[in-house]
2 protein chains.
Amino acid sequence: MSMPGRGRPRDMAVDRVILRAALDLFIERGVEGFSIEQIAKRARVGKPTIYRRWSNKEELIAAAMETLIAEEVHWASAEAVDTESPYALVEAAIESAAVTTAAPHYRALVARVYGSAVSCPALMAVYWDHYVRPRRELATRLLERARDCGTVAADADLDVAIDMMVGAITYRVLQPDPPGVDDMRHYLRAVYRQIGLLP
Amino acid sequence: MSMPGRGRPRDMAVDRVILRAALDLFIERGVEGFSIEQIAKRARVGKPTIYRRWSNKEELIAAAMETLIAEEVHWASAEAVDTESPYALVEAAIESAAVTTAAPHYRALVARVYGSAVSCPALMAVYWDHYVRPRRELATRLLERARDCGTVAADADLDVAIDMMVGAITYRVLQPDPPGVDDMRHYLRAVYRQIGLLP
């Protein structure tokens, strides 16, 4: 995507190549299975080019997950969450969420992220702060609005409700006989209905 | 545990040492990080002693998880699930579940199991068939009874409900700032309440 007059399109292209290489290596080998040097080699850049942008491997992997996943998953804006109907917002997100979560590289990424949570807590911590927390805040606002509408239980623990949705979906894709897009469409509906985000 | 007159106590002790060694190595290094030979070495037995009992590493790890976790988690019997009140059964299980799920080695085990789900699907498949499936059948019966009692929604998808409970709990223990026993006690109550298994 070139944006004339908006700065450094060349650098953005380099960033993208580095982030892609980091994400691919992470999915192939896990966080302990590769080095910054191997990312540089695969992205055909020098190590200093990487270190000018990210100070360590965990930050780079977290940034890679954030940038590349954000392009696939279409999140509602904060404004939409505050003004549109919760049911309509969730309904509008189902199709893209079903396609994303049924993809083999999504499953592989979930396995790697969970797999490194205890042996490499730094990655989970960076990922959580930069990526998960802001999205959870948005999800909390959505659940609060649905609670105001009376579809989510008045006494529901919203943090736990978010864990139940994210936890179920990520657990499901790691089970034997991984789901296809149709399965996930059906599955996501059942999850959101259980919480009160779909009728 | 010696059981006079009940067969081969010596073999059971050997089994236990092998299973313990396999589980420890799995937690330390992940499924790809060690061999049957290394299990034999740590358990101080010959490789044939292992192969007489288990035909491959995945079966051995699955057996290790099953045997050693079953000792920690106190599951209700099928008979109890069919006759006692669902609320009472869940209430009785909270304390042991909180202690188990807050333990560092439980977190490490969850991370390893999820982490190997895509790179080594054989382990998840064996674990699922031998260990998860029978427990899910028990959980389904519990949810059916709770549905008959009117506390679980009549139209709830019970497989999805089980995923939401297991998924939330395993996701929670992998998050930054892992929970202690008190946190898990509170957390489990919120999860079960959301599904309708506690008032």
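Residues numbered from 1 in each chain as written. Chains lettered and ligands numbered in written order. Predicted model: local features only at pLDDT ≥ 70, side-chain atom pairs only at ≥ 80, totals over all residues. Heavy atoms only, no water.

### A look at the domain arrangement of chain A
Residue and element names in this part refer to chain A.
Here's step 1: Its domain assignment divides chain A into domain 1 (8-72) and domain 2 (74-199).
Here's step 2: Computed from C-alpha coordinates alone, the two centres of domain 1 and domain 2 are separated by 25 Å.
Here's step 3: Taken together, the contacts link 18 residues of domain 1 with 18 residues of domain 2.
Here's step 4: The contact between domain 1 and domain 2 buries some 1700 Å² in all, and 69% of this surface belongs to carbon and sulfur atoms.
Here's step 5: Looking only at domain 1, the three residues that lose the most surface to domain 2 are Ile 27, Glu 66 and Glu 72, adding up to 34% of its buried area.
Here's step 6: Applying the counting rule to domain 1 against domain 2 returns zero salt bridges.
Here's step 7: Remark: the boundary between domain 1 and domain 2 carries three residue pairs in polar contact (both at pLDDT 80 or more).
Here's step 8: Within the residue set of the side of domain 1 that touches domain 2, elements represented by two or more residues are α1 (9-29) and α4 (57-72). (Domains from an automatic or database assignment. Contact = heavy atoms within 4.5 Å. Buried area = accessible area lost by both parts, 1.4 Å probe. Salt bridge = Lys/Arg side-chain N within 4 Å of Asp/Glu carboxyl O. Polar contact = N/O pair within 3.5 Å; in protein donor to acceptor, adjacent residues only side chain to side chain. Helix = DSSP H or I, 4+ residues; strand = E, 2+ residues; numbered from the N terminus.)

### Details of the interface of chain A and chain B
Here's step 1: Contact residues are listed per partner, giving 33 residues for chain A and 33 residues for chain B.
Here's step 2: Both faces considered, chain A and chain B share a buried interface measuring about 3000 Å² in area, 70% of it formed by carbon and sulfur atoms.
Here's step 3: The tally of links from chain A across to chain B stands at zero salt bridges.
Here's step 4: Along the contact surface separating chain A from chain B lie five residue pairs in polar contact (both at pLDDT 80 or more).
Here's step 5: Contributing elements (two or more residues each) for the side of chain A that touches chain B: α7 (104-115), α8 (121-148), α9 (158-174) and α10 (181-195) of chain A.
Here's step 6: When residues of the side of chain A that touches chain B are assigned to their parent elements, the largest contribution, nine residues, is made by α9 of chain A.
Here's step 7: Per-class residue counts for the side of chain A that touches chain B are 21 nonpolar, six polar and six charged. (Nonpolar A, V, L, I, M, F, W, Y, C, P; charged D, E, K, R; others polar.)

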